[in-house]
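# Fold and geometry: a report
Each chain is listed here by its residues.
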Amino acid sequence: MIPDFTMKRKTKNARETKALAKQILKNHPKHKIWLLYGDLGAGKTTFVKGLGRALGLRESQIKSPTFTFVVEFEPLIHYDLYRLDALDDLTLELLNEHLATGKRVVIEWPEKIERHLTLPHLKIRFSHEGGDQRSIEIS
Ligand SMILES: Nc1ncnc2c1ncn2[C@@H]1O[C@H](COP(=O)(O)OP(=O)(O)O)[C@@H](O)[C@H]1O
Ligand SMILES: [Mg+2]
């Protein structure tokens, strides 16, 4: 399938990645579901920090959860499915409830749930480009 649009950006530090999140929020206010792909350390959580800040949260509130895979804030629901081995019915039910709220939902490691996702969403792919450089592709 040919995406409606695709945009590729390079960032050279964490600050630029956070600023990019804010810019994407501004450009896509109606897109509530963001899937964040990319290896460990590629910048997904850093990006969510920038998004959280743009939505009025403190950056320190956004972190990679260790004992849970989802953290819910007023303006934002943050999933990190890295440690989820199997998608059980209960987890899927919770996800569907969250998606139905109409709140912004961002999902790190979305490979684990993408086949169940029927709602429109943005895909954002993060890659290491050496040192502190990252490329970030939105489609
Ligand atoms: N251009 C950049 N964009 C995002 N993070 C960067 C960048 N350059 C360096 N970093 C650092 O890389 C790390 C990215 O970690 P994190 O955001 O937790 O990645 P992920 O959630 O993808 O595993 C952070 O320590 C961040 O400060
Ligand atoms: Mg992360």
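The structure under discussion appears in the preceding block.
Reading the values: the criteria
- Residues numbered from 1 in each chain as written.
- Chains lettered and ligands numbered in written order.
- Predicted model: local features only at pLDDT ≥ 70, side-chain atom pairs only at ≥ 80, totals over all residues.
- Helix = DSSP H or I, 4+ residues; strand = E, 2+ residues; numbered from the N terminus.
- Rg over C-alpha atoms; globule rule 2.2 N^0.38 Å.
- Buried ≥ 20, exposed ≤ 12 C-beta atoms within 10 Å, placed from the backbone.
- Contact = placed C-beta atoms within 7 Å.
- Pairing = 2+ DSSP bridges.
- Axes fitted to C-alpha atoms, helices over the stretch in contact; angles between N-to-C directions.
- Expected span 1.5 Å × (residues − 1).
- Core = buried A, V, L, I, M, F, W, Y, C linked by C-beta atoms within 7 Å.

### Things to note about the overall build of the protein chain
When helices and strands are tallied, the protein chain shows three helices and seven strands. Here the C-alpha radius of gyration of the protein chain, 14 Å, is about what a compact globule of 139 residues would show, namely 14 Å. Overall, the protein chain is about 40 × 35 × 30 Å in size when its C-alpha atoms are taken along their principal axes. Considering the protein chain as a whole, with its 139 residues, one finds that 28% of them fall into the buried category. Nonlocal contacts in the protein chain, meaning residues at least 24 apart in sequence, comprise 69% of its contacts between residues at least 6 apart.

### What to know about the pairing of strand β7 (residues 134-138)
When strand β1 (residues 7-11) meets β7, the two strands line up antiparallel, connected through five bridges. Opposite Lys-8, over in β7, you have Glu-137 as the bridge partner. Pairing between strand β6 (residues 122-128) and β7: five bridges, direction antiparallel. Residue pairing for β7: Arg-125 is matched across the bridge by Glu-137. The antiparallel hairpin formed by β6 and β7 contains five residues in its connecting segment, where Gly-130 sits at a positive phi of about 90 degrees.

### Points about the sheet that holds β6
Spatially, seven strands are ordered β1-β7-β6-β2-β5-β4-β3 in an open sheet, and the strand pairing comes out mixed. Looking at strand neighbours, the two that pair on one side only are β1 and β3 (70-72), the edges of this open sheet. Ignoring strand direction, the axes of neighbouring strands in this sheet form an average angle of 15 degrees. This element, helix α2 (residues 44-54), spans β2 (33-37), β4 (76-80), β5 (104-108) and β6 of the sheet and lies at about 165 degrees to β5.

### Concerning unusual backbone geometry
In this structure, Trp-109 is a non-glycine residue whose phi angle is positive, near 60 degrees. Mapped onto the elements of the fold, Trp-109 is located in the loop between β5 and β6. Exposure remark for Trp-109: the 20 C-beta atoms within 10 Å place this residue in the buried category.

### A look at helix α3 (residues 89-100)
Here α3 contains twelve residues, and its C-alpha end-to-end distance of 16 Å stays within 8% of the 16 Å for a straight helix at 1.5 Å per residue. A positive phi of about 80 degrees marks Gly-102, the residue just after α3.

### Observations regarding the pairing of β4
Counting buried positions over the five residues of β4 gives five, a clear majority of the element. Both faces of β4 are covered, namely the face carrying Leu-76, His-78 and Asp-80 and the face carrying Ile-77 and Tyr-79. Taking the residues that link successive antiparallel strands as the turn, the β3-β4 hairpin has three residues. Alignment of β4 against β5, held across five bridges, turns out to be parallel. Across the sheet, the residue bridging to His-78 is Val-106, located in β5.

### A look at the nonpolar core
With 23 residues, the main nonpolar core has Leu-36, Leu-51, Tyr-79, Val-105, Val-106, Ile-107 and Ile-124 as its most contacted residues. Secondary-structure elements contributing two or more residues to this core are α1 (14-27), β2, α2, β4, α3, β5 and β6. Look past the residues within four positions of Leu-51 in its chain and what remains in contact with it is Ala-21, Leu-25, Leu-76 and Val-106.

### Observations regarding the environment of Ser-60
Along the chain, Ser-60 turns up in the loop between α2 and β3. For Ser-60, a count of 8 C-beta atoms within 10 Å translates into the label exposed. Each C-alpha atom, one on Ser-60 and one on Lys-49, is 7.8 Å from the other, the two residues being eleven residues apart in sequence.

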